[in-house]
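# Understanding the architecture of this molecule
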Amino acid sequence: MTVRPTGEAAYRDGSGAFVPPEVRVVRGSELERNLALRVDACVIGSGAGGAPVAKELAEAGLSVAMLEEGERHAADDYTAVPRDMSAVLYRDAGQIATIGVPPILLPLGMTVGGSTHINSATCFRTPEAVLAMWAERFGLEQLDARELDPYFRRVERELNVVQTPPALAGRNAAAVKRGADRLGYSGDFVYRNVRGCVGSGVCNFGCPTQAKQHVGITYVPKAWAAGATTYTGTRALRVVCEGPRARGVEAVTASGRRIEIRCDVVVVAAGTIHSPILLRRSGVEDRSGEIGRNLSLHPATGVRALFDEPIEMWDGVPQSYYVDEFANEGIMLEGAAGTPDWIATSLPYFGELHHALMQNVGNLSQFGIMVSDSSRGRVREVAGLPVVQYGLDRRDTLLFKRGLEVLSEIYWAAGARRVYLPVAGLPELGPQDMGALRALDLRAEQLSLIAFHPLGTCRMGADPAAAPVDAEGRLHGYEGLYVADGSVVPSSLGVNPQITIMALATRIAYAIAGKPAPVDEPHPEHIAKPKVSIAHP
Ligand SMILES: Cc1cc2nc3c(=O)[nH]c(=O)nc-3n(C[C@H](O)[C@H](O)[C@H](O)COP(=O)(O)OP(=O)(O)OC[C@H]3O[C@@H](n4cnc5c(N)ncnc54)[C@H](O)[C@@H]3O)c2cc1C
Ligand code: SF4
């Protein structure tokens, strides 16, 4: 049995990045004529779902065209200034929000690598309790931990998933860990997909050292090496079907040219918000009536705390530590550090309080609360634009209240002077004020929320009357039409989803190529073992 190291040496080792022999990119923004292509497979989207599918299909010998609405960006383009980089790497500069109570900011990546390009690199496998719940509720018995293990190992090797060393985790994580340890709460340093990370703290705005192994610099170049081509600045308009058989894709480029692709395999991997819209616009038959529904978000928020000691939260890995003591209740606490300019724009306060916190920003700590949601939303296209409806239900609101209480307690135990809540009407607490928080009848509209993990709008399930796609990602009732991205994940996971999405996408690609599961992937020395033994709805 081969073992892959996951410790400090592997984390700090910057060698081993893949360099493709050729950059096979056609820039849609520069295309001056219409194109007609004939390939074996067209993959729409180059994120956590699309990139692994494109690479695995190309390596299996299929000719592959990968369409990506965003552009390709590399470290030379990065300024590390959040405001600049949001406009470059995020869809609509990261300003998309849900409609509902409360409105929730919903940032999405739009570049080669999709949201993995701007994510925090946190890696968790799908908890076994969640897989068991999928078997029971959605008839997905084949997706058990033993079946998925070779695909997890393959993804983790491709991305170099390794554990953050304490020395790079930063003082923000150290403060929260100190508080959690004093209260006896369980937690661990985050496993991340990096090579040679130096803790520069700007993972969400383009990793300046290319240490973060997002799929745009791992899977996509490997797809090129196997002959695939990425068409950037190219938006898929619709999937073309003849009856129940996929026959191709119609796309438009940023220069206004048309690309028509004829192929026998279409893999829709445009992400949880855009895949259902594309399928509906294509007029596919949906016997389940579920395309675009069942949207879960893992809504999240941040608590801040002021310390007497310097924290300088921009120094170190921003999401380097998690507290899983409350994971079985549906609450994960994860690092949410950032640079001062980003903190200034994301604090949910104004006037005096905002000013005071920014003046003391060097002593400020920030940590996140993520809820495994039972609330469900819906995605539709209205006047050519995606509309995301989602309201926070009572259960999830109460989970936030519990999360605010336990994170505040952790901060007090760590020695914080003041705690700042994302709650209208109760923005600030002193050590004696916990009674006010406990007594609060928290309403959803009082919370400032953000969500990074939309899932479920084309969920997998055995029953075509209840779920749009089967366990192999095939649209029920169709031949050659697959979905492979966050939209197929049937429920909230309780942990960050990129490894789940990539493992499912890899398995879907293997099924399309008719290949058995990989047998020779190395076993990781260690993996994250979050305390999730209960699945949430
Ligand atoms: C700021 C942030 C931090 C995150 N941190 C983490 C983390 O630390 N760990 C973790 O596990 N997860 C994290 N996530 C979530 C994770 O990155 C996503 O769940 C994952 O990338 C989703 O994969 P996907 O394939 O569904 O969509 P994406 O990765 O978003 O890829 C979809 C791609 O499709 C393209 N596209 C859309 N429509 C079209 C079209 N019509 N034609 C052509 N292309 C199209 C988009 O431009 C995009 O590039 C984070 C997300 C964000 C936004
Ligand atoms: S902390 Fe810095 S070096 Fe490490 S992955 Fe994030 S941006 Fe890259």
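Everything in this summary refers to the structure shown in the same document. Within every chain, residues take consecutive numbers counted from 1 along the sequence as written. To label them, take the chains in the order written and letter them from A, then take the ligands in the order written and number them from 1. Whole-chain, interface and lining totals are the exception, using all residues; otherwise, since this is a predicted model, local features are given only for residues with pLDDT of at least 70 and side-chain atom pairs are given and counted only at 80 or more. Where side-chain values are given, they derive from all heavy atoms of the structure, hydrogens and water being excluded.

### Remarks on the sheet that holds strand 4 (residues 41-44)
The strand order across the open sheet built from six strands is 2-10-5-4-14-24, with neighbouring strands paired in parallel fashion. Strand pairing shows two members of the sheet lacking a second neighbour, strand 2 (25-27) and strand 24 (481-483), which therefore form its edges. Going from strand to strand, the sheet's axes swing by 20° on average, the running direction of each strand aside. Here a strand pair is declared whenever DSSP counts at least two bridges between the two strands. Here a strand is any run of E in DSSP of at least two residues, a helix any run of H or I of at least four, and the numbering for each starts at the N terminus. Judged from the three bridges that link them, strand 14 (residues 265-268) and strand 24 form a sheet pairing that is parallel. For valine 268, the partnering residue across the bridge sits in strand 24 and is valine 483. Here, axes are lines fitted to C-alpha atoms. For helices the fit covers the stretch in contact, and angles between N-to-C directions go from 0 to 180 degrees.

### A short note on the nonpolar core
Joining through side-chain atoms within 4.5 Å is the link that ties buried Ala, Val, Leu, Ile, Met, Phe, Trp, Tyr and Cys residues into a set, and such a set is a nonpolar core. Only protein chains enter the calculation, and the probe is 1.4 Å; a residue is then buried if its accessible area is under 20% of its type maximum, exposed if over 50%, and partly exposed in between. Within the largest apolar cluster, 92 residues are counted, with the highest numbers of intra-cluster contacts made by Ile44, Trp134 and Leu481. What makes two residues a contact is simply this: any of their non-hydrogen atoms within 4.5 Å. Apart from the residues within four sequence positions on either side, isoleucine 44 is in contact with Leu67, Ala236, Val239, Val249, Val266, Val267, Val268, Ala269, Ala270 and Leu278. Counting residues in hydrophobic clusters, the runner-up holds 65 residues, among them Ala180, Val323, Phe326 and Ala416.

### Considering the packing of aromatic side chains
Classification of ring pairs rests on two measures: the distance between centres of Phe, Tyr or Trp rings, Trp counted by its six-membered ring, which must be within 6.5 Å, and the angle between planes, read as stacked under 30 degrees, edge-to-face over 60 and tilted in between. Under the criterion given, the structure shown has seven aromatic pairs. The interplanar angle of 75° and the centroid separation of 5.0 Å between the aromatic rings of phenylalanine 124 and tyrosine 322 together place this pair among those described as edge-to-face. Note that phenylalanine 124 is positioned in the loop between strand 6 (104-105) and helix 4 (128-138) and tyrosine 322 in strand 16 (residues 321-323), a separation of 198 residues in sequence. Residue classification places phenylalanine 124 among the buried residues on the basis of a relative accessible area of 2%.

### Observations regarding the sheet that holds strand 13 (residues 258-262)
Reading across the sheet, the four strands line up as 3-13-12-11 and stay open at both edges, with mixed pairing between neighbours. The sheet terminates laterally at strand 3 (35-38) and strand 11 (234-242), the two strands that pair on one side only. Shown here is a sheet whose adjacent strand axes are inclined to one another by a mean of 20°, direction ignored. In terms of strand pairing, strand 11 meets strand 12 (residues 245-253) through eight bridges, oriented antiparallel. Directly across from threonine 234, in strand 12, lies its bridge partner threonine 253.

### Quick look at the pairing of strand 20 (residues 385-389)
Summarising the sheet, strand 19 (residues 378-382) and strand 20 pair through five bridges and their orientation is antiparallel. Note that in strand 20 the partner of arginine 378 across the bridge is glutamine 389. Hairpin geometry of strand 19 and strand 20 is characterised by an intervening segment of two residues between the two adjacent antiparallel strands and by a positive phi of about 50° at alanine 383.

### A few points about the site of ligand 1
Any residue with at least one heavy atom within 4 Å of a molecule or strand is counted as near it. Of all residues adjacent to ligand 1, which total 38 residues, the nearest are Glu68, Ser115, Thr122, Gly486 and Gln498. Here a polar contact is recorded for every N or O atom pair within 3.5 Å, except that within protein the pair must consist of a potential hydrogen donor and a potential acceptor, and residues adjacent in sequence are included only if both atoms are side-chain atoms. Taking proline 497, its main chain carries an N or O atom lying 3.2 Å from an oxygen atom of ligand 1. Here glutamine 498 contributes a backbone N or O atom positioned 2.7 Å from an oxygen atom of ligand 1. All accessibility values rest on the Shrake-Rupley procedure with a 1.4 Å probe; residue burial counts only the protein chains present in the view. With the chains in place, 96% of the 1,000 Å² that ligand 1 exposes on its own is no longer accessible. Breaking the shell around ligand 1 down by element, the ones donating at least two residues are strand 11 and helix 13 (498-513). The element best represented in the shell around ligand 1 is strand 11, accounting for three residues.

### A look at empty space enclosed by the protein
If a probe as big as a water molecule is rolled over the atoms, it shows which places are left empty. Only protein atoms enter the calculation, which uses a 1 Å grid: trapped sets of points that fit a 1.4 Å probe without letting it out are cavities, open sets showing protein on both sides within 12 Å along at least five of seven lines are pockets, and any residue with an atom within 4 Å of a point is a lining residue. Grid points are joined across faces, edges and corners, and a volume is the space filled by probe spheres set on the points. Evaluated as defined, the whole model comprises five cavities of 30 Å³ or more. Forming the walls of the largest cavity are 14 residues, and the residues nearest its centre are Cys197, Ser200, Cys203, Cys207 and Ala211.

### Topic: the packing of helix 6 (residues 170-183) against helix 11 (residues 394-414)
In the contact formed by helix 6 and helix 11, the axes pass within 7 Å of each other and the chain directions differ by 95°. Taken together, the axes of helix 6 and helix 11 lie roughly perpendicular to each other. Of helix 11, the residues touching helix 6 (which contributes Ala175, Val176, Arg178, Gly179, Ala180, Arg182 and Leu183) are Glu409, Ile410, Tyr411, Ala413 and Ala414. Asp, Glu, Lys and Arg are counted as charged, while Ala, Val, Leu, Ile, Met, Phe, Trp, Tyr, Cys and Pro are counted as nonpolar; the rest, among them Gly, fall into the polar class. Split by residue class, the contact of helix 6 with helix 11 holds eight nonpolar, one polar and three charged. Here roughly perpendicular refers to angles of 65 to 115 degrees, roughly parallel to angles under 35, roughly antiparallel to angles over 145, and oblique to all remaining angles.

### Points about the pairing of strand 14
Taking every second residue as pointing to the same face, both faces of strand 14 are buried, with Val265 and Val267 on one and Val266 and Val268 on the other. Where strand 4 meets strand 14, four bridges bridge the pair, whose relative direction is parallel. Paired with cysteine 42 across the two strands is valine 266, which belongs to strand 14.

### Quick word on helix 10 (residues 351-359)
Those residues of helix 10 lying buried are Leu353, His354 and Leu357. Along the axis of helix 10, the buried positions cluster into a sector of 100°, meaning they face one direction only. In helix 10, the exposed positions angled more than 90 degrees off the buried face are occupied by Gly351, Glu352, His355 and Gln359. Here, the arc refers to the directions that run from the helix axis to the C-beta atoms.

### Describing helix 8 (residues 274-281)
Burial within helix 8 is extensive, with six of its eight residues counted as buried. Check the buried side of helix 8 and you find it contacts strand 4, strand 11, strand 14, strand 19, strand 20 and strand 24. Count one or two residues on from helix 8 and you reach glycine 283, which has phi positive near 75°.

### Brief notes about unusual backbone geometry
The peptide bond linking valine 101 to proline 102 adopts the cis configuration, its omega dihedral lying at -10°. Residue position: proline 102 is located in the loop between helix 3 (82-89) and strand 6. Notably, histidine 298 is not glycine yet its phi reads approximately 50°, a positive angle. Looking at where histidine 298 falls in the secondary structure, it is placed in the loop between helix 8 and strand 15 (299-306). Judged by relative accessible area, histidine 298 falls into the buried class, the value being 2%.

### Here we look at the site of ligand 2
Around ligand 2 sit 13 residues, and of these Cys197, Ser200, Gly201, Cys203 and Cys207 come closest. A cavity or pocket is said to hold a molecule if more than half of that molecule's atoms lie within 2 Å of its grid points. Mapping ligand 2 onto the cavity grids shows that it belongs to the largest cavity. Across the shell around ligand 2, the residue classes break down as seven nonpolar, four polar and two charged.

### Some remarks on the pattern of salt bridges
When a carboxyl oxygen of Asp or Glu lies within 4 Å of a side-chain nitrogen of Lys or Arg, that pair is called a salt bridge. All told, the structure shown has 43 salt bridges when counted by the stated rule. Residue aspartate 149 is joined to arginine 125 by a salt bridge in which the shortest nitrogen-to-oxygen separation is 2.9 Å. On the criterion of sequence distance, the pair formed by aspartate 149 in helix 5 (residues 145-159) and arginine 125 in the loop between strand 6 and helix 4 is long-range, its members being 24 residues apart. Ionic pairing is found between glutamate 290 and arginine 459, a salt bridge with its closest N-O pair at 3.5 Å. Note that glutamate 290 is positioned in the loop between helix 8 and strand 15 and arginine 459 in the loop between strand 23 (449-451) and strand 24, a separation of 169 residues in sequence. We classify arginine 459 as buried; its relative accessible area is 12%. Each of Lys55, Glu56, Glu59, Arg154, Arg157, Glu158, Lys222 and Glu521 takes part in a single network of salt bridges with overlapping partners.

Shape descriptors only; they carry no functional weight alone.
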